[in-house]
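This is what each chain is made of:
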Number of protein chains: 2
Amino acid sequence: MSEHMEIADFVPRLRHSISKWKEQVKIKNGLRLRLDFFLGFQSLQPEGFRFHHAESDYVMLVRWLPEDEPDTLPTNASHRVGIGAFVLNGNNEVLVVMEKNGGFKGTEYWKMPTGVVDEGEDIYAAAVREVKEETGIDAEFVEILAFRQSHKSFFSKSDLFFVCMMRPLSSNITAQESEIAASKWMPIKEYVEQPYNKKHGQFQKVAEICRDRAAGAHVGFSAVPVSSASGKEVYLYCNNNKGSKL
Amino acid sequence: MSEHMEIADFVPRLRHSISKWKEQVKIKNGLRLRLDFFLGFQSLQPEGFRFHHAESDYVMLVRWLPEDEPDTLPTNASHRVGIGAFVLNGNNEVLVVMEKNGGFKGTEYWKMPTGVVDEGEDIYAAAVREVKEETGIDAEFVEILAFRQSHKSFFSKSDLFFVCMMRPLSSNITAQESEIAASKWMPIKEYVEQPYNKKHGQFQKVAEICRDRAAGAHVGFSAVPVSSASGKEVYLYCNNNKGSKL
């Protein structure tokens, strides 16, 4: 909606369209509805308010005061954060999954477990949780091997993806039924040499880093607890100079 | 607004309150207005829509279809991303600033230039830009020394802060008038031993990493261009095994 329409006129038209689209099975990735004008915002904008952010059930508006001081309201969140878990066992085997849906469907690619960091969740904790959810394997975080930043991954937002080295604490796999078609321990050589890696520079580089790390020839960032300026315990990820051996 | 009020009734009351607050100089950090209910959303929620995100001038709603497949709409952005620039010259001096406003006001702390990554901006590029803006110094990115994740830094959002090692390409400082009270080159020993660092674990640890890096005894992550699955050039940050010497 880039021009004004009374919501009372709009809703019935939207409802009609959705039911038509459903019948014709045209919609594959949901609907997006951008509201630039609606009754509430039109009334609040002249009062100096702007949107700050929205979550699923609310929208937050802000207005800076006092007017004679520079606006220091923090900017909106700009990045989604994801993790990939490189779980290596004592036999030089990697924990891999084949996904039921998503971007890798149909590629025959055995990938590391991946997922999105939850609200308020630490990166290392997200890696532990995702490995458990997707494969049933208990694992502990060792270090971050690499991370990748990309842009415009959804709307105008950016993405940070952290590759986490993990040590398994169990070995029996129970693949998550809803998302994972199959999961297994795969020799690292076989993992690195998959055709999909060879075709995609980013995947090839990450696979090589994992191979080098398995051989003790790559240094990552450990998670070091430190106290923040406000006294909270936070994690600083850095080379802790303790070497790269597991 | 956690209960329904007609916007036409609300706006005049809000306007009256703001003018009263302005007179009484009560407001120090702006106003926040959370709308859970407004005419547009009340009408769209029954149609299956939820808020996804908002930017300053619009709010985005989404609804998943087809209904018999799992909802794979990407989650909203959860993190703000900031940088700190550790600019070290050939005389083992660090580029430092004293800020006019913000959290360090009144601390007498000489800090590294910091800033927020703009929409669609790479971390290394944000570090180059912020150093130039705050101090007039041209610098090039060398590597990421460490990063820190913290939570609930504003509303329910999290924060990632990357410490970037930089090499200066010029030496004459021109401090930014609006934000920077003073800027200078400071011997690294003096920088590390500031009282503020000793009192705050996170700052102390970062200062020590910078000191170790200056001595060639810390390995960070370089920025390596790789091609993503969709063919875009993106940066992977990792130890490139080329050693830690400048």
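Cut-offs used in this document
- Residues numbered from 1 in each chain as written.
- Chains lettered and ligands numbered in written order.
- Predicted model: local features only at pLDDT ≥ 70, side-chain atom pairs only at ≥ 80, totals over all residues.
- Heavy atoms only, no water.
- Contact = heavy atoms within 4.5 Å.
- Buried area = accessible area lost by both parts, 1.4 Å probe.
- Salt bridge = Lys/Arg side-chain N within 4 Å of Asp/Glu carboxyl O.
- Polar contact = N/O pair within 3.5 Å; in protein donor to acceptor, adjacent residues only side chain to side chain.
- Helix = DSSP H or I, 4+ residues; strand = E, 2+ residues; numbered from the N terminus.
- Nonpolar A, V, L, I, M, F, W, Y, C, P; charged D, E, K, R; others polar.
- Buried < 20%, exposed > 50% of the residue type's maximum accessible area, 1.4 Å probe, protein only.
- pLDDT = per-residue confidence, 0-100.
- UniProt positions renumbered as here; feature names shortened; annotations may be inferred.
- Least-squares fit on C-alpha atoms with pLDDT ≥ 70 in both.
- Pairing = 2+ DSSP bridges.
- Expected span 1.5 Å × (residues − 1).

Contact with chain B, which involves 104 residues of that partner, is made by 104 residues of chain A. Ranking the residues of chain B by area buried against chain A places Leu65, Phe147 and Gln149 of chain B at the top, with a combined share of 7%. Put simply, Lys157 of chain A and Glu55 of chain B hold a salt bridge, and the shortest N to O gap is 2.5 Å. At the junction of chain B with chain A, the criterion picks out 27 residue pairs in polar contact (both at pLDDT 80 or more). Take the side of chain B that touches chain A: its biggest share by element is 10 residues, from strand E7 (residues 139–154) of chain B. By residue class, the composition of the side of chain B that touches chain A is 55 nonpolar, 27 polar and 22 charged.

All names here are of chain A. Within the structure shown, the criterion is met by 24 salt bridges over all chains. Between Arg129 and Glu121 there is a salt bridge; the shortest N-O distance is 2.7 Å. Residue Glu140 is joined to Arg167 by a salt bridge in which the shortest nitrogen-to-oxygen separation is 2.4 Å. With Glu140 in strand E7 (residues 139–154) and Arg167 in strand E8 (residues 157–168), the pair connects residues that are 27 residues apart, well separated along the chain. Residue classification places Glu140 among the partly exposed residues on the basis of a relative accessible area of 30%. Sharing partners across several salt bridges, the network here consists of Asp118, Glu121, Arg129, Glu130 and Glu133.

This part covers the pairing of strand E3 (residues 58–63) of chain A. Of all the six residues making up E3 of chain A, six are buried; the element is thus mostly covered by neighbouring parts of the structure. Side chains of E3 of chain A alternate between two faces, with Tyr58, Met60 and Val62 of chain A and Val59, Leu61 and Arg63 of chain A buried alike.

With that settled, the discussion passes to the confidence of the model for chain A. Residue and element names in this part refer to chain A. Averaged over every residue, the pLDDT of chain A is 86; residues scoring 70 or more account for 87%. Here helix H2 (residues 39–44) stands out as the element of chain A with the lowest mean pLDDT, 65, in contrast to helix H3 (residues 123–135), whose mean of 98 is the highest. Model confidence for the complex: the whole-complex pTM is 0.87, and ipTM, which rates the interface, is 0.87.

Another aspect to go through is the UniProt feature "domain: Nudix hydrolase" (unreviewed entry) in chain A. Under the UniProt annotation, the feature "domain: Nudix hydrolase" (unreviewed entry) is placed at residues 78–208 of chain A. For residues 78–208 of chain A, the helix share is 24%, the strand share is 42%, and the end-to-end C-alpha distance is 29 Å.

With an RMSD of 0.1 Å, chain B superimposes on chain A once it is rotated by 180° and translated 0.0 Å along the axis. What the rotation and shift describe, once combined, is the action of a two-fold rotation axis.

Looking now at the side chain of Ser158 of chain A. Residue position: Ser158 of chain A is located in strand E8. A polar contact of 2.8 Å, which involves the side chain of Ser158 of chain A, links it to the side chain of His151 of chain A.

Bringing the pairing of strand E11 (residues 233–238) of chain A into the picture now. Residue and element names in this part refer to chain A. Counting buried positions along E11 gives five out of six residues, so the element sits mostly inside the fold. In terms of strand pairing, strand E10 (residues 222–227) meets E11 through six bridges, oriented antiparallel. Across the sheet, residue Pro225 finds its bridge partner in E11, namely Tyr235. Counted between consecutive antiparallel strands, the loop separating E10 from E11 contains five residues, among which Gly231 sits at a positive phi close to 90°.

Note on backbone geometry: most residues besides glycine have negative phi, and most peptide bonds are trans. Residues and elements named next belong to chain A. Of note, the phi angle at Asn92 is positive, near 60°, even though the residue is not glycine. Along the polypeptide, Asn92 turns up in the loop between strand E4 (79–87) and strand E5 (93–99). Overall, Asn92 belongs to the partly exposed group, its relative accessible area being 37%.

Let us look at the environment of Ala229 of chain B. Here Ala229 of chain B shows up in the loop between strand E10 (222–227) and strand E11 (233–238). If we ignore the near neighbours within four places in the chain, the residues touching Ala229 of chain B are Tyr196, His200, Gln202 and Phe203 of chain A.

All names here are of chain A. In this model, helix H6 (residues 201–214) (14 residues) spans 20 Å end to end at C-alpha, consistent with the 20 Å of a helix rising 1.5 Å per residue. Of all the residues in H6, the buried ones are Gln202, Phe203, Gln204, Val206, Ala207, Ile209, Cys210 and Arg213. Phi turns positive one or two residues past the end of H6, at Gly216, with a value near 75°.

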